Amino acid sequence: MGPSFLANVLRKTPTIAKLANRGVLSVSGSQASEFLNGLLSTSVSNPPKGPFYSAFLHAQGRVMYDVFLYTTTTPAGQPAYLLEYDSQPSEAQSLLPMLKRHILRSKVKVRDATEDYDVWAAWGSESATNIPKSWTWSRSGVVEPTWEGSEWPWGTQSEALMDRRAHGMGKRLLTRRGDKPTEANSHESGSPSDYLLHRIALGVPEGSADIVPMSAFPMESNLDVMGALDFRKGCYVGQELTVRTYHTGVVRKRILPVLLHKPGDASQTTDSVPDFPLHLDIRPLRANLPSGDKSLPRPRGTGKLLSTQDQFGLALLRLEHVESALKNELSLQLENPADGKTWQASPWWPSWWPEPPAEEEYNRLAEAASV
């Protein structure tokens, strides 16, 4: 549910914000869908059904880019795609030359269209309703959304996308550089910081700050829950390890929202919050030993602090640490070099996060999968 005072810092009216550090590539040609289908972690139909959210994975199964694909048309009236991604430099190979390297003899044209478009996020409008969905769990802890009905969940409008990564995320829009979307007439103007706080509150990671290129695993980065993975499609780059984890592995970490506060009482707001550098280590410290038990082992591993805004942030955490922290059995602490002080990170599960099935249901799912 989150801290009770989180609602006091979120915008309460429909809001639109132009986003920074977003690149746009144009992918066109008669084999564009087939080309992208061999690279992306979700299925790409031909002709395209509509926009969607997806990812490019490394051959070893780690995330290179999480991306939004929008449908559009060429000047000749042929279907094409606009691919939006985090354009900040990272450990991953630049996306444009990477795609060009895979074209070979395919009838595909890829070009940089970043200077042609602005990227916007709009949220808080009743018109951005969510299509009902159910959840499918695997024994490994992987979670897949199943959309109900025949309507394409991400919308069918060109150069726009209904953001289904989490309930309440709103819409994502492309406009020609310098133009404003029609939503600007009915929404208040916000900032990239407003959007960052909005997605932190919903527990939605995005871009290289949260989904660290060449390091992050897709399920630990919540790409399964957010609809960016298809475990049943044919071959694509990074498929082998991703599918193996689905069937035989265990998801041990997730990205969750956290409240950053002075060690102790998480119910109090902090007037002065320093900046937190990216990717600080979060150390688990055992808080309370059960009565008479002096033999509990020291908690294993650490977490990572990701994007932050004011007193709130996202963090990659071991699930065993999250469970213990929610029971007040340990605290998650970090040293901030900006002020030289120790801070505590208190996680919570977003309200939209699916409830895991009971053990009996797990057994039924495993039995059905083996038939």
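Everything quoted here is computed from the prediction, not taken from an experiment. (Residues numbered from 1 in each chain as written. Predicted model: local features only at pLDDT ≥ 70, side-chain atom pairs only at ≥ 80, totals over all residues. Heavy atoms only, no water.)

Asks: Could you give me a rundown of the packing of aromatic side chains, with the residues and numbers involved?
Replies: Enumeration over the complete set of coordinates arrives at ten aromatic pairs. Ring geometry for Tyr65 and Tyr85: centres 5.7 Å apart, planes at 90°, overall edge-to-face. Of this pair, Tyr65 sits in strand E4 (residues 63-73) while Tyr85 sits in strand E5 (residues 79-86); the two residues are 20 residues apart in sequence, bridging distant segments of the chain. Residue Tyr65 shares its accessibility class with Tyr85, and that shared class is buried. With a centroid separation of 5.4 Å and 50° between ring planes, the pair formed by Trp352 and Trp353 is classed as tilted. Considered together, Trp352 and Trp353 belong to a single accessibility category, that of buried residues. Linked through ring pairs, Tyr53, Phe68, Trp147 and Trp154 together constitute an aromatic cluster. (Phe/Tyr/Trp six-rings, centres within 6.5 Å; stacked < 30°, edge-to-face > 60°. Helix = DSSP H or I, 4+ residues; strand = E, 2+ residues; numbered from the N terminus. Buried < 20%, exposed > 50% of the residue type's maximum accessible area, 1.4 Å probe, protein only.)

Asks: Go over the nonpolar core, please, and point to the residues and values.
Replies: Membership of the largest hydrophobic core comes to 65 residues, with the highest contact counts inside it found for Phe35, Leu36, Phe56, Leu83, Leu95, Leu99 and Leu223. Elements supplying a minimum of two residues to this core: strand E2 (22-28), helix H1 (32-37), strand E3 (52-57), E4, E5, helix H2 (95-103) and strand E7 (117-123). No other element matches the seven residues that E4 contributes to this core. The contacts of Leu36, once residues within four sequence positions are left out, are Val27, Val44, Leu69, Tyr81 and Leu83. Leu256, Leu280, Leu305 and Ala315 belong to the second-largest nonpolar core, a separate cluster that totals 16 residues. (Core = buried A, V, L, I, M, F, W, Y, C linked by side-chain atoms within 4.5 Å. Contact = heavy atoms within 4.5 Å.)

Asks: So what about unusual backbone geometry? Which residues, and what values?
Replies: With the exception of glycine, the majority of residues adopt a negative phi angle, and the majority of peptide bonds are in the trans configuration. Between Asn46 and Pro47 the backbone carries a cis peptide bond, its omega angle lying at 0°. Mapping Pro47 onto the fold places it in the loop between H1 and E3. For Asn328, which is not glycine, the phi torsion reads 60° and is therefore positive. Secondary-structure assignment places Asn328 in the loop between helix H6 (319-326) and strand E17 (330-336). Residue Asn328 is classed as exposed on the basis of its relative accessible area, which comes to 52%.

Asks: Any details on H2? Residues and values, ideally.
Replies: Looking at H2, one finds that the buried residues are Leu95, Leu96, Met98, Leu99 and Ile103. For H2, the angular spread of the buried residues around the axis is 165°, confining them to a single face. Contact partners of the buried residues in H2: E2, H1, E3, E4, E5 and strand E6 (109-112). (Arc of directions from axis to C-beta.)

Asks: Describe in detail the side chain of Ser41, supporting the description with residues and values.
Replies: Mapped onto the elements, Ser41 comes out in the loop between H1 and E3. Separated by 2.6 Å, the side chain of Ser41 and the backbone oxygen of Ala228 make a polar contact. Each residue touching Ser41, except ones within four places of it in the same chain, is listed here: Ser54, Ala55, Leu57, Ala228, Leu229, Asp230, Lys233 and Tyr236. (Polar contact = N/O pair within 3.5 Å; in protein donor to acceptor, adjacent residues only side chain to side chain.)

Asks: Describe the side chain of Glu183, and please don't skip the residues or the numbers.
Replies: With respect to the helices and strands, the residue Glu183 is situated in the loop between strand E11 (171-176) and strand E12 (188-189). Taking relative accessible area as the criterion, Glu183 reaches 13% and is therefore assigned buried. Within polar-contact distance, the side chain of Glu183 engages the side chain of Lys171 at 2.9 Å. Ignoring anything within four residues of it in the chain, the contact list for Glu183 reads Ile16, Lys171 and Leu173.

Asks: I'd love a proper account of the pattern of salt bridges, names of residues and values included.
Replies: Should their charged atoms come close, side chains of opposite charge can pair. Under the definition given, this model contains 21 salt bridges. The partner of Arg318 in a salt bridge is Glu320, and the shortest N-O contact between them spans 3.0 Å. On the basis of relative accessibility, which here comes to 32%, the residue Glu320 falls in the partly exposed class. Because the salt bridges share partners, they merge into one network encompassing Arg22, Glu84, Asp163, Arg165, Arg172 and Glu206. (Salt bridge = Lys/Arg side-chain N within 4 Å of Asp/Glu carboxyl O.)

Asks: Can you lay out the sheet that holds E7 for me, pointing to particular residues and giving the numbers?
Replies: Reading across from one edge, E10-E11-E7-E1-E12 is the order of the five strands in this open sheet, with mixed pairing throughout. Pairing within the sheet leaves two strands with one partner each, and these edge strands are strand E10 (160-162) and E12. Bridge count between E10 and E11: three bridges; the pairing is antiparallel. Bridge pairing in E11 places Ala160 opposite Leu173. (Pairing = 2+ DSSP bridges.)

Asks: Kindly report on helix H5 (residues 239-248), identifying the contributing residues and their values.
Replies: Of all the positions in H5, only Gln239, Thr242, Val243 and Tyr246 are classed as buried. Down the axis of H5, the smallest arc covering the buried residues is 90°, so these residues share one side. Those residues of H5 that are exposed and angled more than 90 degrees off the buried face are Glu240 and Thr248. Against the buried residues of H5 lie E3 and strand E9 (143-147).

Asks: Lay out the pairing of strand E15 (residues 303-309) with the relevant residues and their values.
Replies: Regular strands place their side chains on alternate faces of the sheet. Buried residues dominate E15, accounting for six of its seven residues. Pairing of strand E14 (residues 281-286) with E15, which is carried by two bridges, proceeds in the antiparallel orientation. In the strand pairing of E15, Ile282 is matched with Gly303. Where E15 lies against strand E16 (residues 312-318), four bridges are found, and the strand directions are antiparallel. Each residue of the ladder has a partner; that of Lys304, found in E16, is Leu316. Turn length for the E15-E16 hairpin, with the two strands adjacent in sequence and antiparallel, is two residues, and the turn residue Asp310 shows positive phi of about 55°.

Keep in mind these numbers describe shape, not what the thing actually does.
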